[in-house]
Each structure stands twice: as C-alpha cells, then as structure tokens.
Amino acid sequence: MCSSGDLGRLLPHLAGVVVESVERAAGVVTFRTSCCTLPARCPACMMPSWRVHGRYLRRLVDAPVGGAPVAIELTVRRFKCLTARCPAVTFAEQIAGLTSPHARYTPLLRAVLTSIALTLAGRPGARLAAALNIRVAKDTLLQLLRAVPEPPPALVRVLGVDDFALRKGDSYATILVDLEARRPLDVLPGRDAVPLAAWLRDHPEVEIICRDRAGAYAEGARTGAPQAMQVADGWHLWRNLAEAVEKTVGAHHGCVRAAFATPPVTKDPDVGDLLTQESTTAEITRFAPPDGTLDSLGRPRRLVARTIERYEAVQLRLAEGKSLAAIRRELRLDHSTVRRFARARSLDELLVKATNRSTILDEYKPYLHQRWTDGCHDIPQLHHELREQGFTGDVQCVRRYFRPFKKPHSPRPKYPPAAPPEPRPAPKPRHVVRSIMTNPGHLSETDATELKEIRTACPELDAAARHVRDFADMMRDLRGDLLPCWMDRVLADDLPALHTLVNGLRRDHDAVTAALSTSWSSGQVEGHVTRVKLLKRMGFGRASLDLLRRRVLHSP
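Keep in mind that what you see is a predicted model, and the values were worked out from it rather than measured. (Residues numbered from 1 in each chain as written. Predicted model: local features only at pLDDT ≥ 70, side-chain atom pairs only at ≥ 80, totals over all residues. Heavy atoms only, no water.)

Here's the deal with the nonpolar core
Rule in force here: Buried Ala, Val, Leu, Ile, Met, Phe, Trp, Tyr and Cys residues that are joined via side-chain atoms within 4.5 Å together make up what is termed a nonpolar core. Each residue gets one of three labels from its accessible area relative to the maximum for its type: buried under 20%, exposed over 50%, partly exposed in between, using a 1.4 Å probe on protein chains only. Contact between two residues is taken to exist if any of their heavy atoms lie within 4.5 Å; hydrogens are not considered.
Grouped together as the largest cluster of nonpolar side chains are 55 residues, with contacts concentrated most on Phe-164, Ile-175, Leu-241, Val-245, Ile-436, Trp-486 and Leu-498. Residues contacting Leu-241, with those up to four places away along its chain left out, are Met-437, Val-468, Phe-471, Trp-486, Leu-498 and Leu-501.

Dropping the structure here:
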C-alpha cells in the first residue's frame, strides 16, 4: 500500500484523479481511481454538462514503476449532453494525459511502446518489452508502428537518391534524403524512373539531385525536375574507373608475369658469356613459384583446362558467324558465360580470375621461397618452421605446394656459379590495380618499385596509370572543365575498357562534370542505406515496405 502523496510523486500524470486504493497482486500494482471534476465538455458541441448519466470501470495499463507492472482501474462517468440539437446524446469523460478514446494504454506507455516498435519492430520489440515487464504482442507493436503519423512535409533544396535491396536480386526500393537537413524524406517502391519523377513533380523546389550513375534515376530526375542540376556520385565514378582498370590489368597481366619472370643477368667481363650461360642454367633449375595454373600433381588445373576449352569453343563459333544465343544453345552454357568468353580480348584475361585464388599458405610463401633457395628441401623441416611462425595447415599442404617441382640438380660449372637471384613471384592483378588506384605518396617503397617496373614493361598499363592520376587530380581539385580533354587523351590510347568508360561518361556528361566541379555527393545517402540495412536485420527481414518506410523516416 502507498498513500496518495506517494502516488502523485510516482505517477504525476494522474494529477486531478482521486486514488481510492492501491494493491499489489500477482506482481501487478493496481491503482483504483476515479475523477470528481465538474463540469465535463461534450466532444461534439463543446458545451459543459453537469448531469451524470452513468458510470463504468475502465482498465488502463501504465508504464512499470520500480520494475513492477502497473494497471490503473478508473471509474469513468458518462454524462448527458444538455444541448438538445447535439448529435451526441451521452458522452464519456476523458482525462487529459491519462485517457483517450478506445485506448488500453496510457499515453506514457503508448509512447514507450511506439519508440520500441520504431527501433526494433515486432518480435525483437516484444522481447525487449517483456524484459521491461511490459506484456505486449508483436502485432500490437506493429499496429502502433502503423499508427505513427506521417512527418510534416518540408521544403528540400538538395536531394540525395539511392536504392537498397528489400530482397537482393529480386526487389528493391529507393530512399530520398535531404542532404542539407541530413534526414530521410521518403522511401519509394522499386528503383524505376516513374516513382521518382512523380515525387519530384510534387517538390518543384529541388535544385540539386545527387544520384548514382543508374540510368533510371537520371531519366526520373530529368522528367520530374528538369530545372534541377544532376550530380553523379564521385565514389561511383571512382569505382567505375577502378573496374575499367581491373579489366585492363587482366588483359595485360601476361606482360606483368613476363616482366617478373625475367631475372636480372649480371655479366662478368673476365668470364664473359660462359658465366652468363651457366648462371642462366642454374637459374632455370632452381625453384620457381607456381602461377596457379597447375594442380598438386603438376597437371593443368581442371578450372584452367575448362576455361581454355570454353574460350576456344566460343571464339571458334564466333569466327563462324554464329550468334551468342546459338552458341549458348549449342554449348549448353549460360548466356552471361558465353558473353564473357566472347568479350574477352585474350585468354590471359580469363585465366587471371581462374588462377587468382588465395590460400592459407600465401603469407608464408616468401619464406618458403627463401628457404628453398638456401638449399633446405626437407618438407617436414619446412612445415615445422612454419608451425613456429603460426601456420595452422598440415604438412600435406606444404608438400602439395612443392610437388610440381623437383630438387635442383645441375652439373658442376667450370666456374663458380653466381648466387641465384631472389625469386620474384608476379604480383596478383588485384595488387596491381590497388597500386595503380592508390595515391603514389601513400605507396610503400616496395609497391612503388613494383609499379614502376610494371609501367616500364607494359605501355598500356603505364598509360592507364597516367590517366588514373589525371582523373584523381580532377576530383581533388574540382576541375570538371578538364573532363573533355581527359576523355580525348584516353581515346587516343589502345585501352578498350577505358574507352567503354568514356562512352558511359559522355552519355552522362553533365552529371559527371557537376560531380567533378562541386562538393556535393551521395555519401550521406550511402550512410542512410547502411542504417536501413540495420533496421532490416532488426526486423529479421519480415516487415513489409510500409512498416520499413515508417521505421526509416521516424527512427532516430
């Protein structure tokens, strides 16, 4: 039991209500209350009334007090309206801050449950409420979520647009963000041009639209807001450039392998060509790191052999004049696979992806190369040394790695052979792409040396690296006016992948120029997309678009 003073201190929203008794049964604190204020106003005609027509008991659930569930049993009076022409003959009194028509929760508890629903949606929200001693069903939380009013309309000058997956590969939605206010404005179904254009027609005040390079958003912005300036996102531009560079490196990775496979030859003027020949012979017999095309028995890997076979079959049928659809039916391959083999400029471009596989032995390979060159050919001993360095694989892993190669056996030279040069495994395509796309000032000394050697060995990769640096300077200095000259320089070189990129940039020339000339980008929108993914995971992916939309717009 507690007094009325204690009740007023614990539940201040019950001011003006008479507390008749307080009980605690089965862990629930029940307050029996009634209201004695007069008069009551009719909600239809707003006229006061003193005439009590009847009474009934109303039970409300309130927020827990001291960790205990709270119920309020309120004796509600029903009044007779004294206005003869009023359509409401009788009406029930409502207590401000405590009751509302047909509500079973107090405004305080309703606000708490609504906040839980906005943050966690149905099932997770119900579990959190149970931990707080609030009994509520998941469907009730979803009903409270749907009852949240729409945010008031606001004027927007700079709009960010991006898509996110409701179900990856199946259904998508579009999020709109006010980049100046840094808050989401709306969530549209699909990622087509029509919904975006319709939304923009209702907001003619939009001046700038930041978007990715999707053609649907470009068309929707052009149709719905012709007065607005479109800005392509700089991150997507840099990513498109990186993809073009990756294709270029894949097409010319043979040059990289050739450059690193040729060791430097030192000539002794006293010994002449004989020492050079014998050094080369000793070098041929030494260990050479595998390039990923052979299996553990020294035979061509199954994936490599299949790639070569399919490439030759597709190219042969293309030379005969057959279409991609006919080749797909004849070889029983997927259309995207046939298209990839048909568009490849060389076999090396395909073998790069087939052989670029990482293993748990990769970080220990330099040490193995050094020990093998030093003359240690005992596989168990090498495995023991690797285990001391933290290697978790078994001895068979090391044995399979060295199986394609035999111990060096060479005839004794007439002259003392020079020390064999260090093994030089060719850098993987991704490593080359990363070196080209990285600021030269941030490269390590080793990476900078390798990149310089690659650019010297391959003129195409040297030209690609030069174009990347020029594009980075344009982005950093906001010099979009230099874009036409940059595109002309790219087209002057034999770089088909970059030519494709330039053709795409020309189709979206104004938006790309604006991206390279202004500081606006879609970075904020990407952050909101990440938050949307978190909200989806909290809801276990079971919420429909209308519920997800409300959570996106109202969640803090």
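There is more to say after this.
Quick notes on the pattern of salt bridges
Note the cut-off: Salt bridges, as used here, are contacts in which a Lys or Arg side-chain nitrogen is within 4 Å of a carboxyl oxygen on Asp or Glu.
On inspection of all chains with the given rule, the structure shows 27 salt bridges. Of the charged contacts in the structure, one is a salt bridge between Lys-322 and Glu-330, with a shortest N-O distance of 2.9 Å. Taking relative accessible area as the criterion, Lys-322 reaches 30% and is therefore assigned partly exposed. Overall, Glu-330 belongs to the partly exposed group, its relative accessible area being 40%.

Some points on helix H19 (residues 459-477)
Under the convention used in this document: By definition, any uninterrupted DSSP run of H or I lasting at least four residues is a helix, any uninterrupted run of E lasting at least two residues is a strand, and each is numbered from the N terminus. Multiplying 1.5 Å by the residue count of a helix minus one yields the expected span of that helix.
End to end, H19 covers 27 Å across 19 residues, agreeing with the expected 27 Å (1.5 Å per residue, within 8%). For H19, the full list of buried residues reads Leu-461, Ala-463, Ala-464, Ala-465, His-467, Val-468, Arg-469, Phe-471, Ala-472 and Met-474. Where H19 is buried, its residues contact helix H7 (234-251), helix H8 (253-261), helix H17 (429-437), helix H18 (445-457), helix H20 (483-491) and helix H21 (496-507). In the stretch just after H19, Leu-478 is the one whose phi turns positive, near 55°.

Examining the pairing of strand E10 (residues 183-189)
Inclusion rule: Two strands are said to pair when DSSP picks up at least two bridges between them.
Burial analysis of E10 places five of its seven residues in the buried class, which makes it a mostly covered element. Inspection of the sheet shows strand E9 (residues 171-178) paired to E10 by six bridges, in the antiparallel sense. Its bridge partner being in E10, Leu-176 is matched across the sheet by Asp-186. Between E9 and E10, which follow one another and run antiparallel, lie four residues, and Arg-182 among them has a positive phi close to 60°.

With respect to the sheet that holds E9
As a reminder, the rule being used: Orientation is described by lines fitted to C-alpha atoms, with helices fitted over the stretch in contact, and by angles between N-to-C directions that extend from 0 to 180 degrees.
If you walk across this open sheet you meet the five strands as E10-E9-E8-E11-E12, and the pairing is mixed. Taken across any chain shown, the strands that pair with only one partner, and hence form the sheet edges, are E10 and strand E12 (229-232). The mean inter-strand angle of the sheet, taken between neighbouring strand axes irrespective of direction, is 25°. Pairing of strand E8 (residues 158-167) with strand E11 (residues 208-211) involves three bridges; the strand directions are parallel. Paired with Val-158 across the strands is Ile-208, a residue of E11.

Concerning the packing of aromatic side chains
For the record, the criterion: Within 6.5 Å between ring centres, the rings of Phe, Tyr and Trp (the latter by its six-membered ring) count as paired, and their orientation is classed by plane angle as stacked under 30 degrees, edge-to-face over 60, tilted in between.
Considering all chains together, one arrives at four aromatic pairs under this definition. Ring centres 5.4 Å apart and planes at 75° place the aromatic pair Tyr-364 and Phe-391 in the edge-to-face group. Here Tyr-364, found in the loop between helix H13 (347-355) and helix H14 (365-373), pairs with Phe-391, found in the loop between helix H15 (379-388) and helix H16 (395-402); they are 27 residues apart in sequence, far enough to count as distant. There is no split in this pair, since Tyr-364 and Phe-391 are both buried. For the ring pair Phe-471 and Trp-486, a centre distance of 5.0 Å and an interplane angle of 55° mean the geometry is tilted.

Digging into a nonpolar patch on the surface
Rules: Surface patches are defined over residues having more than 30% relative accessible area and no salt bridge, joining like charges when they lie within 9 Å and nonpolar side chains (Val, Leu, Ile, Met, Phe, Trp, Tyr) when within 5 Å. What sets the accessible areas is the Shrake-Rupley method with a 1.4 Å probe; for residues, cover comes only from the shown protein chains.
Together, Leu-38, Trp-50 and Leu-82 line one region of the surface with nonpolar side chains, adding up to about 340 Å² of accessible area. Mapped onto the secondary structure, Leu-38 falls in the loop between strand E2 (28-35) and strand E3 (40-41).

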